[in-house]
Amino acid sequence: MSVSPCSAQSLLAHEGKPLNSVMASDRRGERLGKILRKDQLKPLFQALQRKGSLYAPVKTDMVRFQEITTPEDVDAIDFSGHAFFPPKKYLLPNEEELFAIREGELRETVAELDQQFIVNVRMCDLNAVGILDNLYLDPEYPDPYYRAKRDATTFIGLNCVHELDEYCFCGSMDLQREYDLLLHDLGEAYYVDVRSDKGMALVEGLPDAEDDFTPPLPRTSKVLDPKGLWPFYADKWWAGDNELCVGCQRCTTLCPTCFCFDVKDDLDLDDLSSGKRLRVIDSCHSPDFTRVAGGHDFRASRLQRYRHRVMHKLQYYKDEFKRSMCTGCGRCIRYCHSKIDFVKTINEEFVHE
Amino acid sequence: MTEEKRKPRIAIHSITGCAGCQLTIYFIKDRLLDFLGAVDLVAAPMIKGKNDDDGPYDVCFVEGSVSNRRDLEHLKKWRAQSKVLVALGTCATHANVQGIKNFHDARTVHERVYGQEAANLEGGSAPVAPTPLDEHVKVDYKISGCPPEEVEILKFIKEFLTGMHPRIYHEPVCVECTKREIRCLLEDGKECMGPLIRGGCNALCPGVGHGCTGCHGPIEEANIPQTIELLKANGVPLKLINQHLQKYAGLAFDKLGAAIRKEVEGP
Amino acid sequence: MNNYLKHTPVKILSKTWESPDTVTFKVDWQVQHDPGQFVNISIPGKGESPISFCSWNPDYCEFNVRVVGNVTEAISELEPGGTMHVRGPYGRGYPMRCFKGNHLLFIGGGCGVAPLKGIIEYVQHHREDFEGADLYFGYRSRDDILFKHLLDAWKSEFFLHVTIDRDAGEFQYSCPTGFVTEAIKHAQIDPNGKIVFLCGPPVMMDKTIPLLLEKGFHEDQLWVSAERHMKCCTGKCGHCMINGKYACKDGPVFRYDEIKGVTE
């Protein structure tokens, strides 16, 4: 038989090289630890307000990331909770303009961006940024809209010394230290872990930490069995969880790493040759997501869509980028109407195996 | 094409309902003149003295549900003389509150409303079971809502004017609610029909702390049994849940398998 | 930074209606691409649609568009002399160099024949590289037959077999009324030294592949083209993912053993 020996794998356009060291690659110099007295924190945040926009979690009826506009409002910044909506919204807004449409032609809309500082970001959400970078900053087709926002953003993390609630399972998700700065509470002061030049520029004046110390990664009592999901793809357990799913899409909307989008055009009523082309965050749980023009739907059932989400988070992305797409933030369980817990289901399934 | 494109002939007609849906069109404020400039509004009896009742229409918006014989006659006439027929508002798409009548003994309801006169409802006024338009004629598009949203109507008109087949939003209320970062009422142990109901309203009611009452009607894949479980867990009595399901789109929920025919007794 | 979502204007040279709902555009665009790759065509105000190359020619490109939605309808309304907005080429096409010395078997259904025409033209430009080619194309009705003006040329150069689902009537290229799968079933095909290209609706693929395997074909002899809902065409928007692979980036062309059993 004279079939050509050409390997399909070698032809894959993308070789799956992880890019998750984008932030860490900025790292220079030996001393990476600084000490910030707690009374210096407020002046630091106020200094950031003067340099650009400051975004931080604030607790009212729940914790939300929002802009902190006045120096006094810095006092309202939350240090204890887990934000409802992830800070992903500052890199990938729910809706953003890609092009202006003028006389039937697309015009690029290049926005001049001010520096933005996002502070008190938890380790799970910081890791989500690296996961988004892999997609949106892929070397072949980097996304200019994401790139502009990413470049203008400095992430200052807040390490979780205690687990925030029973839904967190980041302790089992093999998190990485990806941030510009991380605040680690030492009691009277913060140990500031510096991971980029951008971060260093903000804390240069602070005293170096004396001890050789690396802030520990958060621990959680909830853990996800890290085995692969491929053997369980055809299992029945998806169906049990699926019966509880009401299709509200909160899991994907609130996920810090869900990146899927749709492109939509919106025209002006008074001039139908003008308008804008928008990128709108989309959800693989939507019945429309895989429907092609003509009507065929490749994931027509809710069960298929639920399985696709979990497989993508825990398996497909890992196959491509050698890291899990889930950061264990727990939002898709915490805010699920039916509290569908894929971690519990998977763990139980592995016990049965 | 060298000749200038003819403006589409639009009609806005009404059968049994409160007429609030067409008011939404007239209340598009700063966009109304753009709208009137882009179309030829040939029939709109609510705001125009002179109307073309005989068509033909390129688009005919019909609000209200079929609730008596006259409604049905009108609807069939409009359908026959329209290229595109749009059911505007929840009366037209789901029979709305008058559809509650479908779950009760018609005679009891008529006597309660009309008293002695109930027996005299004849001719065009003779009642028929309140039903959405698509029970009687082919409906090309449905824009539900009580009243429908201005942005949805505008989007429809814009897409139609550019020769597209307009696309109607059909994700549940929860999607927009979550994007607006509104604290979930269901999570707080309150009543909210959000997971079952088509959005497009940008979570108007949850945004002001009121649970969704379901005025847009159900989404295609509404998971009714599980949503009922969630509401029951919040202490909402089953009878009340079923009343919510009946309120705007009882017939649709009935078709989707909600057991609402037996559960609710008496008006 | 180069904006991958931005389109390039190209001039439309000609437009040919192939069937009542299918039109072929020839555009003045010299771009290097493999057969099986695709572009994204944009209609500002209406949206974008992925369309595969249906030609292989250094001097121009052809795109075959079937009117199935708002965007494809708007594309079909473009006229020669006007401008088409394209971005691409995208995806992995057919690795034609790997098939040197083989005999090629094309099995296409409906608008799935369009990308196959691109391979046929590649073969015509590299005739000495291939043993020959057999063309099995199936259509719903006589009206739906694509590239009618090329059938004579194809028949004289290759083995051509056109099937029509119903009411074939008298037709010089056809076999009796029936599906293309029937034609494959009854054809005497020796799998040795052959490469098969399949492109068509899911039901055609699902029925034809087992028939070929029964005839002794190996999975790595079969190349399929996957149709999915695509938006960005660069592996970001997530719509076209099939069990972890992106139809737009890892495909749309797959060797059958790579996507065997994956459907979602």
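None of these values were measured; they are calculated from a predicted model. (Residues numbered from 1 in each chain as written. Chains lettered and ligands numbered in written order. Predicted model: local features only at pLDDT ≥ 70, side-chain atom pairs only at ≥ 80, totals over all residues. Heavy atoms only, no water.)

Novice: Please set out the sheet that holds strand 8 (residues 132–139) of chain C residue by residue, giving values where relevant.
Specialist: Residues and elements named next belong to chain C. Ordered in space as 9-8-7-10-11-14, the 6 strands form an open sheet in which the pairing is mixed. Lying at the two open borders of the sheet, with one neighbouring strand each, are strand 9 (159–164) and strand 14 (253–255). On average, each strand axis in the sheet is tilted by 15° relative to the strand beside it, whichever way the strands run. Bridging between strand 7 (residues 103–109) and strand 8 involves 7 bridges; their strand directions are parallel. Each bridged residue has a counterpart across the sheet, and for H103 the counterpart in strand 8 is G132. Strands in contact with helix 2 (residues 113–125) are strand 7, strand 8 and strand 10 (194–199); relative to strand 7, the strand with the most contacts, it is inclined by about 155°. Contacts from helix 5 (residues 202–214) reach strand 7, strand 10 and strand 11 (222–225), with the element oriented near 165° to strand 10. (Pairing = 2+ DSSP bridges. Helix = DSSP H or I, 4+ residues; strand = E, 2+ residues; numbered from the N terminus. Axes fitted to C-alpha atoms, helices over the stretch in contact; angles between N-to-C directions. Contact = heavy atoms within 4.5 Å.)

Novice: Help me get a handle on unusual backbone geometry, residues and values and all.
Specialist: Residue and element names in this part refer to chain B. Following G55, the chain continues into P56 via a peptide bond in cis, with omega recorded as -5°. Positionally, P56 belongs in the loop between strand 2 (40–43) and strand 3 (57–63). The residue after C146, namely P147, is reached through a cis peptide bond having omega 0°. Here P147 shows up in the loop between strand 7 (141–143) and helix 6 (150–161). Although it is not a glycine, N96 adopts a positive phi angle of roughly 50°. Relative to the assigned elements, N96 resides in the loop between helix 4 (90–94) and helix 5 (106–114). Classification of N96 as buried rests on a relative accessible area of 3%. (Buried < 20%, exposed > 50% of the residue type's maximum accessible area, 1.4 Å probe, protein only.)

Novice: Please give an account of the packing of aromatic side chains that cites residues and values.
Specialist: Using the criterion set out here, one finds 30 aromatic pairs over all chains in the structure. Consider the rings of F53 of chain C and F63 of chain C, whose centres lie 5.3 Å apart with planes at 45°: the pair is tilted. One end of the pair, F53 of chain C, is in the loop between strand 4 (47–52) and strand 5 (61–66); the other, F63 of chain C, is in strand 5, with 10 residues separating them in the sequence. For the pair F53 of chain C and F63 of chain C, a shared accessibility class is recorded, and that class is buried. A centroid spacing of 5.3 Å and a plane angle of 70° characterise the contact between F99 of chain C and W223 of chain C, whose relative ring orientation is edge-to-face. A residue pair is termed long-range when its members are at least 10 positions apart, and F99 of chain C in the loop between strand 6 (83–90) and strand 7 and W223 of chain C in strand 11 qualify at 124 residues. Per residue, the accessibility class of F99 of chain C equals that of W223 of chain C, and both read buried. Sitting above the plane of the F261 of chain A ring, R279 of chain A keeps its charged end 4.9 Å from the centroid. (Phe/Tyr/Trp six-rings, centres within 6.5 Å; stacked < 30°, edge-to-face > 60°. Lys NZ or Arg CZ within 6 Å of the ring centre and 35° of its normal.)

Novice: Tell me about the domain arrangement of chain A, and name the residues and values.
Specialist: All names here are of chain A. Along its sequence, chain A is organised into domain 1 (21–203) and domain 2 (230–347). Each of domain 1 and domain 2 has a C-alpha centre, and the two are 24 Å apart. Between domain 1 and domain 2, the contact holds 42 residues from the first and 40 residues from the second. Where domain 1 abuts domain 2, roughly 3,600 Å² becomes buried across the two surfaces, and 58% of that area is made up of carbon and sulfur atoms. If you look at where domain 1 meets domain 2, you find 5 salt bridges. The closest approach of N and O atoms between D143 and R279, which form a salt bridge, is 2.8 Å. Here domain 1 is connected to domain 2 by 23 residue pairs in polar contact (both at pLDDT 80 or more). Per element, the largest residue contribution to the side of domain 1 that touches domain 2 is 10 residues, and it comes from helix 3 (residues 123–136). In terms of residue class, the side of domain 1 that touches domain 2 is built from 25 nonpolar, 7 polar and 10 charged. (Domains from an automatic or database assignment. Buried area = accessible area lost by both parts, 1.4 Å probe. Salt bridge = Lys/Arg side-chain N within 4 Å of Asp/Glu carboxyl O. Polar contact = N/O pair within 3.5 Å; in protein donor to acceptor, adjacent residues only side chain to side chain. Nonpolar A, V, L, I, M, F, W, Y, C, P; charged D, E, K, R; others polar.)

Novice: Account for the domain arrangement of chain C, naming residues and giving values.
Specialist: Residues and elements named next belong to chain C. Each assigned domain of chain C is listed with its residue range as follows: domain 1 (8–90) and domain 2 (96–259). Between the C-alpha centres of domain 1 and domain 2 the distance comes to 21 Å. Residue-level contacts link 24 residues of domain 1 with 27 residues of domain 2. Between domain 1 and domain 2, the buried area comes to about 2,000 Å², and carbon and sulfur atoms account for 59% of it.

Novice: How would you summarise a negative patch on the surface if you had to cite specific residues and measurements?
Specialist: All names here are of chain A. Residues E103, E105, D268, D270 and D271 make up a contiguous surface patch of negative charge. Here D270 is to be found in the loop between strand 10 (261–267) and strand 11 (275–281). Classification of D270 as exposed rests on a relative accessible area of 54%. (Patch = residues over 30% accessible without salt bridge, like charges linked within 9 Å, V, L, I, M, F, W, Y side chains within 5 Å. Areas by Shrake-Rupley, 256 points an atom, 1.4 Å probe, with all protein chains shown as cover. Lys, Arg positive; Asp, Glu negative; His and termini not counted. Charge placed at Lys NZ, Arg CZ, Asp CG, Glu CD.)

Novice: Residues and numbers for a nonpolar patch on the surface, please.
Specialist: Where nonpolar side chains cluster on the molecular surface, the patch consists of L23, F27, M46 and I47 of chain B and spans about 360 Å² of accessible area. Looking at where I47 of chain B falls in the secondary structure, it is placed in the loop between strand 2 and strand 3.

Novice: I'd love a proper account of the pattern of salt bridges, names of residues and values included.
Specialist: A pair can form between side chains of opposite charge whenever their charged atoms are brought close. Inspection of the entire model under this criterion finds 53 salt bridges over all chains. For R291 of chain A, the salt bridge is made with D288 of chain A, and the minimal N-O distance between the two is 3.0 Å. What makes R291 of chain A partly exposed here is its relative accessible area of 26%. Residue class for D288 of chain A comes out partly exposed when judged on its relative accessible area of 30%. The closest approach of N and O atoms between R31 of chain B and D34 of chain B, which form a salt bridge, is 3.5 Å. For D34 of chain B, a relative accessible area of 21% translates into the label partly exposed. A network of salt bridges, in which partner residues are shared, links E96, D143, K149 and R279 of chain A.

Novice: An account of the side chain of E178 of chain A is needed here, citing residue identities and associated values.
Specialist: Among the secondary structure elements, E178 of chain A is positioned in the loop between strand 7 (153–158) and strand 8 (181–185). A distance of 3.1 Å separates the side chain of E178 of chain A from the side chain of R323 of chain A, its partner in a polar contact.

Novice: Report on helix 5 of chain C, specifying residues and quantitative values.
Specialist: All names here are of chain C. Across its 13 residues, helix 5 extends 19 Å between first and last C-alpha, which sits within 8% of the 18 Å expected from 1.5 Å per residue. Along helix 5, the positions that sit buried rather than exposed are M204, M205, T208, I209, L211 and L212. Around the axis of helix 5, the buried residues are gathered within 165° of arc, so they sit on the same side. Residues of helix 5 that are exposed and angled more than 90 degrees away from the buried face: V203, D206, K207 and E214. Those residues of helix 5 hidden inside the fold are in contact with strand 7, helix 4 (180–186), strand 10, strand 11 and helix 6 (256–259). (Expected span 1.5 Å × (residues − 1). Arc of directions from axis to C-beta.)

Novice: So what's going on with the nonpolar core? Which residues, and what values?
Specialist: F259, L314 and F342 of chain A together with I107, Y136 and L198 of chain C are the most contacted members of the largest nonpolar core, which totals 99 residues. In contact with L198 of chain C, other than residues within four places in its own chain, are Y94, I107, M204, M205, T208, I209, L212, L222, W223, V224 and S225 of chain C. Of all hydrophobic cores here, the second largest spans 34 residues; its members include M96, F106, L116 and L135 of chain C. (Core = buried A, V, L, I, M, F, W, Y, C linked by side-chain atoms within 4.5 Å.)

Novice: Could you give an account of the environment of G82 of chain C, with specific residues and numbers?
Specialist: All names here are of chain C. Note that G82 resides in the loop between helix 1 (70–76) and strand 6. Between the alpha carbons of G82 and G47 there is a distance of 18 Å; along the sequence they are 35 residues apart. If we ignore the near neighbours within four places in the chain, the residues touching G82 are V10, K11 and I12.

Novice: Any chance you could break down the confidence of the model for chain A for me, citing the residues and the numbers?
Specialist: Mean pLDDT over chain A stands at 87; residues scoring 70 or higher make up 90%. Within the model, pLDDT remains below 50 along residues 1–30 of chain A, and this stretch shows 60 contacts once partners closer than five positions in the same chain are excluded. (pLDDT = per-residue confidence, 0-100.)

Novice: So what about the packing of helix 9 (residues 224–233) of chain B against helix 10 (residues 238–255) of chain B? Which residues, and what values?
Specialist: Residues and elements named next belong to chain B. Running from N to C, helix 9 and helix 10 point in directions that differ by 150°, and their axes come no closer than 10 Å. Comparing their axes, helix 10 and helix 9 come out roughly antiparallel. For the crossing formed where helix 9 meets helix 10, the hand is right-handed. For the pair helix 9 and helix 10, contact is made by I224, I228, L231 and K232 and by L238, I241, L245 and F253, respectively. Here the residues of the contact of helix 9 with helix 10 are counted per class, giving 7 nonpolar, no polar and 1 charged. (Parallel < 35°, antiparallel > 145°, perpendicular 65-115°, else oblique. Left-handed = near helix turned anticlockwise from the far one by under 90°.)

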